[in-house]
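In case you want the letters, here they are:
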Amino acid sequence: MLQIFRVNQLFNSLLLLPYALLLNHRLFFVAQQDYPSGTDGLIAGGFEYFNNQYPLSASLMLILMLFIQALILNRISIIFRIGNEPNLFPGMIYLIFCSFFPAFQYLTGLVVGQFFFLLAVYCLFDTYKRHRDIGNLFNSAFWMSLASMYYTPFFIGFLLILIGGFILKSMKGRDFLLILNGLLVPYFL
């Protein structure tokens, strides 16, 4: 079974969706419990109603979000050469971990915020060796700000952007302003 995910092909990437359904099949057969509200952000107020009123749709949306996040994680791993050889194991391992933790059993602000967090990390990695293309720093801060609007603890991710910016490129004053603008634009809008 693991041999399927060793090769980076489109069909094998699409096999992550049935794999996500297989790992989270209990969502369709077990009665939904109360929605755990905790540190959901400003935008995530409607998820409680959606989970309680439409549990099947919420479960399908959750599995679709986890599948998309696994695809993004595989893309980050392959494009930026994080592993020795291109494979689909990071997305598969991500799906396995998400099926174990109870926080990922509901469509919450954490799951949607995790999607925006992965987009922010992708944009941050994309700044490497692109000294003239500074829009990725703004995009990274923008996605991180959206993630913090869905799940408040993602606000700490701005430290990740600052530290990652120093590591991946030489930071200047305008780069700090871009990061600050990316942080403030979603809250302003």
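Report follows, based on the coordinates.

### Describing the overall build of the chain
So, step 1. For the chain, the helix and strand inventory stands at ten helices and zero strands.
So, step 2. Taken from the N to the C terminus, the helices and strands of the chain come in the order α-α-α-α-α-α-α-α-α-α.
So, step 3. Sorting the 189 residues of the chain into buried and exposed places 44% on the buried side.
So, step 4. For the chain, the accessible area works out to roughly 10600 Å², and carbon and sulfur atoms hold 68% of it.

### Here we look at the nonpolar core
So, step 1. In this structure, Leu66, Leu95, Phe104, Leu107, Val112, Phe116 and Ile161 are the most contacted members of the largest nonpolar core, which totals 46 residues.
So, step 2. Within the residue set of this core, elements represented by two or more residues are helix H2 (16–23), helix H5 (55–79), helix H6 (89–100), helix H7 (109–125), helix H8 (135–150), helix H9 (157–168) and helix H10 (173–188).
So, step 3. Ranked by residues supplied to this core, first place goes to H7 with twelve residues.

### Let's talk about the packing of H9 against H10
So, step 1. Contact geometry of H9 with H10 gives a least axis separation of 11 Å together with a crossing angle of 155 degrees. Considering their axes alone, H9 and H10 lie roughly antiparallel with respect to each other. The hand of the H9/H10 crossing is right-handed. Residue-level contacts link Phe158, Ile161, Leu162 and Phe166 of H9 to Phe176, Ile179 and Leu183 of H10.
So, step 2. For the contact of H9 with H10, the per-class residue count stands at seven nonpolar, no polar and no charged.

Rules of the game
Residues numbered from 1 in each chain as written. Predicted model: local features only at pLDDT ≥ 70, side-chain atom pairs only at ≥ 80, totals over all residues. Heavy atoms only, no water. Helix = DSSP H or I, 4+ residues; strand = E, 2+ residues; numbered from the N terminus. Buried < 20%, exposed > 50% of the residue type's maximum accessible area, 1.4 Å probe, protein only. Areas by Shrake-Rupley, 256 points an atom, 1.4 Å probe, with all protein chains shown as cover. Core = buried A, V, L, I, M, F, W, Y, C linked by side-chain atoms within 4.5 Å. Axes fitted to C-alpha atoms, helices over the stretch in contact; angles between N-to-C directions. Parallel < 35°, antiparallel > 145°, perpendicular 65-115°, else oblique. Left-handed = near helix turned anticlockwise from the far one by under 90°. Contact = heavy atoms within 4.5 Å. Nonpolar A, V, L, I, M, F, W, Y, C, P; charged D, E, K, R; others polar.

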